Amino acid sequence: MISAQRKTGLVFFPAFDWAISPEHPEREERLLYTQDQVMEEGLLDIPGIVEYRVRPAAYEDIQRAHFCVPDESAVTTESHLISAGGCLVAADAVLKGEVESAFALVRPPGHHAMRVVHGNRGFCNINIEAVMIEYIRTHYGVRKVAIVDTDCHHGDGTQDIYWHDPNTLFISIHQDGRTLYPGSGFPNESGGPNAQGKTVNIPLPPQTGEKGFLYTLDELVMPLLEEFKPDIVINSAGQDNHFNDPITNMNFSARGYAILNKRLKPDIAVLEGGYAIENALPYVNVGIIMAMAGMDTSFVKEPNYEKDYRPQSRDVTLNIEQLVEALKDLFLRGGLKKKSYDEGEILERKRDIFYDTDGIQERQNEKIRCCSHCAGAFSISSTASTGQHIMGVHIPMEACPACRKIGLDWFQAGKKGAFRHVYLQDRDRGLYDVA
Amino acid sequence: MILGLDVGGTQTDTVLIEGDQILAAIKIPTGEDLLLTLRTALESILSGVETGEIERMAFSTTLATNAIVEDRLERTGMIISAGPGIDPACFSVGPSFHVVEGCLDHQGFEAVPLDKSSVMEATAKIREAGINTIGITGKFSVRNAAHELQIVDWVKNYFSHVAMGHTVSGGLNFPRRIFTTYLNASLHELHTTFSGALTHILDEKNLHGPRYLLKPDGGTIDLVRSVGSPARTAQSGPAASVMGALALDGCRGATLVLDVGGTTTDMAVVLDGMPLLNPHGVKLGRYKTLIRSIITHSLGTGGDSVIQVKTNGKMTVGPLRNGPPVAFGGAVATPTDALVTLGLLDMGNKGAARVAMEDLGSALGCNAEAAADRVLQQMAETIAQSAGAFVHDINAQPVYTIHQVLNEEKIEPTSVLIMGGPAPHIAPYVEKALGLPCRVPPHYDVANAVGAAVARVTAQVTLQADTERGTVIIPEVGEEHKIDRRFDMDQAIALARETLCRRALIIGARNNSLETSITEKQVFNMIRGYRAVGRNIRLKMTITPGLIPQWKRSL
């Protein structure tokens, strides 16, 4: 009999009774065939693969990562809480040492959800990875986290949440933003003033195949991880780079995903997008589970692989080699020109954010305290087309006294302002205050 | 009158029932020869009984279980069609296992056609090995049986018996389907011979009523019909005890059922008269199967378990058994010796049992009675701990809908029913160890035979309709029909009910016990590129384990 080489946890939550709308890609049917394939393969009978039961996350868990406007109940449904809770179950299994790694095969996804949440963006309401990471930091004292986002779409929500955090390395591999939603994720987006170089965007050209993904992984991602030395590696395992995916233009395969996972060896993988629900997801997910468990994946492939998979073209290969070379210069060979700021300097930036699913326009004004001692306190004031006008203040973990003080001052001042709600996220004190 | 018979590891129990009365109950030792044991048991219970009055008889036997555990299986070839996934060679079973080219996807569409030449090549190799029995299993064959049926068509003339995978169960699990098919094929001849011989004995004894075998799900199947799926009659002992609990007690509320035997204590949970069923299937020997069963757990602690005292004074009861208790000529102290010493059991060599407890007492620094009391306390605690873990595991089973997560119904037994030989004596100790009220039903020592006697026929069908493919398939009965795009859940329910009842009647059910219930019901709109292309309907309907209407005991 076969068994897993590495003990692997599986949290499976297909949410068979939830959809954004009946015909939306994020609908009840999405993981149906994945479930069929996982069950038919008998993966859950394999010694060393352990299936866990989900539980809903609490609002408290969300409040470590988000400012939900006006509150959590308004922007989440039970399905979001359970999807995030599934990630927490996976995290517990790994951090308690019950398994070596875990895969949260849950929906709905989360990587387009930013720190401020007015509604649904890119099928996401809350960022299930960020909720999980902050839970891990609070409950298990883990500090340095690396996130490798292999969804086809730029993980702009996760990037936003960790933009200022020097203890989180965020790497996103995605289809070039000039050709796909959300239109961001370029190399010059490399982190806030206190976390320069801790965001790495790798926009791959359309039609990138197995060769290009694995090349990028070996040449760039693995060395970046080696240099950062994270305590834990999270994979936002979107599956829409697949050659069968209906809403993207990439050329990846189940076999490729399995090899990628085997080399990356994430501690926790979390499902993100992926909408070729019949002819990609069943095989990709089986491949990922088997790869995590250290099993032989050479028999995993799509039934139409021979017929429809086209090896990557020469142009694409050259293009990727140039891109990776340029990114190596920036992030591995010290080419990134880090700006220097005065200690305590306050930087401001203005941003417009569009919530495509819910059709909400948001304008943000962010202030961050430049700090060499901690991740820096920041405040975001946000006005949305829903009529909301709020301010959120974040005091990071291991905050220095000066950042703590300015954060509290901003919160007090905000309470006197014209905001409808003012939120304080004080990570060290485990406090979430709403005024 | 109804006759029930349960063959256990050491003892065979037989009961004769009329209305709600147990007219007679006997116990004989289980011998090496199963048929001889059955014959002896029948002759002793039937002496002086007018056999023409016996309207029904049911047997729970160890034939299939023992054949599997002792590896007395007929040499069986396997032909497998798989496609992408785990290397099917990982599930190689039997002396001649062959994977042929051909593949269906999860919807049942053909991805790669079957390769006849490789099927015929495999057939030749199996025949060359002198094998006459074959099992055929395909991945996703429960979604479309065409490949399995095609292989059968090509090879059936070369073999004396062919077993197929898709009729085993409607559940998805390719490795389990392979193993279950293998067991059905390799038990076929043994079971056919047994069924024939038992039929002969019953005819000879002038017992002409319907004859049933018990299955691990607590249901029965007609003796002759059971030949089609012999693996389904294995591991029926624990089910017999649960059905006995149901018959003798009713098991209202959430009841933990404990059957304390010589070697083991079997446990199960019954919710308002309904035993909890294993969603995947029972494990038979080393084979995980797709055969539905009551969720039971067997703990290696029973009346004849070995007692050990560690150097730190900690005592263990089980999981080993080393011959009979001291009171019955054994060498090692057991809980049975504790019962004899305390005067709770009036059997065997009391002096010897007492000496065993005195020896134990000297290791523990107490007298024989105190030692015996400690033994029973420890035994009860071991059972309680195992029961706690058993219930915890039941509650940890994953769920897949928001509704199930939010309407979580944790199972917490509120009482305990104890059966088996030592039941009344161990009950007070278990009551204390579990902190739950314990009760012992009447006829607790022959409950298994009663359970077998009054269990009704169970059956299950799994229906999957795919209006895009234009088919509805019910694999358990090997049926596939064309449907139009309007086929809906109401039609699915009607079709499933009609099929289930027809099936149940074929395998021995009576018209008055066709209580059907839906255990799984899902419908998905299938959307391709923002356009609805069809409906995917999934329905499981069963006749759940229960008691025959003739059993009218007021509980």
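Sequence order as written defines the numbering, with residues in each chain counted from 1. To read the labels, note that chains go from A and ligands from 1, taken in the order they are written. For a predicted model such as this one, the threshold for reporting local features is a pLDDT of at least 70, and the threshold for listing and counting side-chain atom pairs is 80 or more; totals across whole chains, interfaces and linings nevertheless cover every residue.

As for the overall build of chain A
Logical step 1: Starting at the N terminus, helices and strands are each numbered in turn, a helix being any DSSP run of H or I of at least four residues and a strand any DSSP run of E of at least two. Scanning chain A from N- to C-terminus turns up 12 helices and 16 strands.
Logical step 2: Each residue is classified by how many other C-beta atoms fall within 10 Å of its C-beta atom, where C-beta atoms are placed from the backbone; a count of 20 or more means buried, 12 or fewer means exposed, and values in between mean partly exposed. For chain A, the residues scored as buried account for 58% of the 435 residues in total.

Observations concerning the overall build of chain B
Logical step 1: Assigned secondary structure in chain B consists of 14 helices and 29 strands.
Logical step 2: With C-alpha atoms as the basis for the radius of gyration, the globule rule is written as 2.2 Å multiplied by the number of residues raised to the power 0.38. Its C-alpha atoms give chain B a radius of gyration of 25 Å, within 12% of the compact-globule value 24 Å for 555 residues.
Logical step 3: Over its C-alpha atoms, taken along the principal directions, chain B stretches across nearly 80 × 55 × 50 Å.
Logical step 4: The burial tally for chain B puts 53% of its 555 residues in the buried class.
Logical step 5: Throughout, a residue-residue contact means that the two C-beta atoms, derived from backbone geometry, are no farther apart than 7 Å. Partitioning the contacts of chain B with sequence separation of at least 6, the portion at a separation of at least 24 is 64%.

A look at unusual backbone geometry
Logical step 1: Residue P70 of chain A is bonded to the preceding V69 of chain A through a cis peptide linkage, with omega at -5°.
Logical step 2: Positionally, P70 of chain A belongs in the loop between β3 (67-68) and α3 (72-75).
Logical step 3: A cis geometry characterises the amide bond from G318 of chain B onward to P319 of chain B, with omega recorded as 5°.
Logical step 4: Residue placement: P319 of chain B occurs in strand β22 (residues 315-321).
Logical step 5: Even without being a glycine, Q207 of chain A presents a positive backbone phi close to 75°.
Logical step 6: The phi dihedral of E398 of chain A falls on the positive side, at around 55°, and the residue is not glycine.
Logical step 7: For E398 of chain A, the position within the fold is in the loop between β14 (389-395) and α12 (401-416).
Logical step 8: Overall, the presence of 12 C-beta atoms within 10 Å leaves E398 of chain A in the exposed class.

So, the domain arrangement of chain B
All names here are of chain B.
Logical step 1: Those domain boundaries reflect an automatic or database domain assignment. Partitioning chain B into structural domains gives domain 1 (76-186) and domain 2 (459-543).
Logical step 2: With centres defined by C-alpha atoms, the gap from domain 1 to domain 2 works out at 25 Å.
Logical step 3: Listed per partner, the contact involves 11 residues of domain 1 and 11 residues of domain 2.
Logical step 4: Polar here means any residue other than Ala, Val, Leu, Ile, Met, Phe, Trp, Tyr, Cys and Pro, which are nonpolar, and Asp, Glu, Lys and Arg, which are charged; Gly is therefore polar. For the side of domain 1 that touches domain 2, a count of residues per class yields two nonpolar, eight polar and one charged.

Focus on the sheet that holds strand β5 (residues 76-81) of chain B
All names here are of chain B.
Logical step 1: The strand order across the open sheet formed by four strands is β6-β5-β9-β10, and the pairing between neighbours is parallel. If you trace the sheet from one side to the other, it starts and ends with β6 (96-100) and β10 (161-164), each paired once. Sheet twist, expressed as the mean angle between neighbouring strand axes with direction ignored, is 20°.
Logical step 2: Should DSSP find at least two bridges between two strands, the strands are regarded as paired. Examined bridge by bridge, β5 and β6 share five bridges and lie parallel to one another. The residue of β6 that forms the bridge with S81 is V100.
Logical step 3: With axes taken as lines fitted to C-alpha atoms, and helix axes fitted only over the stretch in contact, angles between N-to-C directions fall between 0 and 180 degrees. Docked against the sheet, helix α3 (residues 116-128) engages β5, β6 and β9 (133-138), running at close to 175° with respect to β6.

Regarding the nonpolar core
Logical step 1: By our criterion, buried Ala, Val, Leu, Ile, Met, Phe, Trp, Tyr and Cys residues that link up through C-beta atoms within 7 Å make up a nonpolar core. Residues A245, V257, I418, I426, V430, A452 and A453 of chain B are the most contacted members of the largest nonpolar core, which totals 159 residues.
Logical step 2: No other element matches the 10 residues that helix α10 (residues 368-395) of chain B contributes to this core.
Logical step 3: Those residues in contact with A452 of chain B that sit more than four places away from it in its chain are G4, L5, D6, A58, F59, S60, L214, A240 and M243 of chain B.
Logical step 4: Core analysis: the next-biggest nonpolar cluster, separate from the first, contains 132 residues, A84, V131, A291 and I380 of chain A among them.

Examining the domain arrangement of chain A
When the parts come together, some accessible area is lost, and that loss is often what is quoted as the size of the interface.
Residue and element names in this part refer to chain A.
Logical step 1: The assigned domain composition of chain A is domain 1 (8-331) and domain 2 (346-434).
Logical step 2: Computed from C-alpha atoms alone, the centre-to-centre distance between domain 1 and domain 2 is 27 Å.
Logical step 3: With 25 residues of domain 1 in contact, the opposing surface of domain 2 contributes 30 residues.
Logical step 4: Its residues assigned to classes, the side of domain 1 that touches domain 2 shows 10 nonpolar, 10 polar and five charged.

Quick look at the sheet that holds strand β2 (residues 49-52) of chain A
To summarise the sheet geometry, strands pair through backbone hydrogen bonds and adopt either a parallel or an antiparallel arrangement.
All names here are of chain A.
Logical step 1: Taking strand neighbours across the sheet as the criterion, the eight strands line up as β2-β1-β4-β10-β9-β6-β7-β8 in an open arrangement whose pairing is parallel. Across the chains shown, the open sheet's two edge strands, defined by having one partner strand only, are β2 and β8 (199-204). For this sheet, the mean angle separating the axes of adjacent strands, direction not counted, is 15°.
Logical step 2: Here three bridges tie strand β4 (residues 101-106) to strand β10 (residues 268-271), and the two strands are oriented parallel to one another. Bridging across to β10, A102 finds its partner in I268.

Concerning the pairing of strand β1 (residues 8-13) of chain A
Along a regular strand, successive side chains alternate from one face of the sheet to the other.
Residues and elements named next belong to chain A.
Logical step 1: For β1, the tally of buried residues reaches six of six residues, placing the bulk of the element in the interior.
Logical step 2: Of the two faces of β1, both are covered, the one formed by T8, L10 and F12 as well as the one formed by G9, V11 and F13.
Logical step 3: Taken together, the four bridges between β1 and β2 define a ladder with parallel strand orientation. Within the sheet, the bridge partner assigned to G9 lies in β2 and is V50.
Logical step 4: The definition of a right-handed crossover adopted here requires that, viewed with the strands pointing away, the path from the first strand over the helix to the second runs clockwise. What joins β1 to β2 is helix α1 (residues 32-41), and the crossover it makes is right-handed.
Logical step 5: Bridge count for β1 against β4 is six bridges, and the pairing is parallel. Residue F13 lies in a different strand from β4, and its bridge partner there is V106.

Section: the environment of Q159 of chain A
Residues and elements named next belong to chain A.
Logical step 1: Structurally, the position occupied by Q159 is in helix α6 (residues 156-162).
Logical step 2: Taking C-alpha positions, Q159 is 9.7 Å from K198, a pair spaced 39 residues apart along the chain.
Logical step 3: When residues no more than four places from it in sequence are discounted, the contact partners of Q159 are F170, S172, E189 and T199.

As for the pairing of strand β6 (residues 145-149) of chain A
All names here are of chain A.
Logical step 1: Most of β6 sits inside the fold, with five of its five residues counted as buried.
Logical step 2: Because side chains alternate across β6, one face comprises the buried residues V145, I147 and D149, and the other comprises A146 and V148, equally buried.
Logical step 3: Note on the crossover from β6 through α6 to strand β7 (residues 168-175): the handedness is right-handed.
Logical step 4: Pairing geometry for β6 and strand β9 (residues 232-237), over five bridges, is parallel. Directly across from D149, in β9, lies its bridge partner S236.

Here we look at the confidence of the model for chain B
Logical step 1: Overall, the prediction assigns chain B a mean pLDDT of 94, with 99% of residues at 70 or greater.
Logical step 2: At the level of chain-chain contacts, confidence expressed as ipTM amounts to 0.92, with global pTM at 0.93. Each residue carries a pLDDT score, the predictor's confidence in it, ranging from 0 to 100.

Re the environment of G300 of chain B
All names here are of chain B.
Logical step 1: If you trace the backbone, G300 turns up in the loop between β20 (296-299) and β21 (305-309).
Logical step 2: Look at G300 and you get partly exposed, because 16 C-beta atoms sit within 10 Å.
Logical step 3: A C-alpha to C-alpha distance of 36 Å links G300 and L406, two positions 106 residues apart in sequence.
Logical step 4: Not counting residues up to four positions away in its chain, the partners in contact with G300 are T264, S305, G318 and P319.

Here we look at helix α4 (residues 146-155) of chain B
Residues and elements named next belong to chain B.
Logical step 1: Where α4 is concerned, the buried positions are H147, E148, I151 and V155. For α4, the arc enclosing every buried residue in end-on projection is 100°, short of the 170-degree limit, so these residues lie on one face.
Logical step 2: At its buried positions, α4 is contacted by β5, β7 (103-104), α3, β9 and β10. The directions from the helix axis to the C-beta atoms are what the arc is built from.

A closer look at the packing of α10 of chain B against helix α12 (residues 423-434) of chain B
All names here are of chain B.
Logical step 1: Two numbers describe how α10 lies on α12: the axes approach to 8 Å, and their chain directions differ by 50°. For the element pair α10 / α12, the angle class is oblique. Between α10 and α12 lies a crossing whose hand is right-handed. Within the contact between the two elements, α10 uses L376, Q377, M379, A380, E381, I383, A384 and A387 and α12 uses I426, Y429, V430, K432, A433 and L434.
Logical step 2: When its residues are assigned to classes, the contact of α10 with α12 shows 11 nonpolar, one polar and two charged. Should an angle lie under 35 degrees it is considered roughly parallel, over 145 roughly antiparallel, and from 65 to 115 roughly perpendicular; all remaining angles are considered oblique. Two helices cross in a left-handed way if the nearer one is turned anticlockwise from the farther one by less than a right angle. They cross in a right-handed way if the turn is clockwise.

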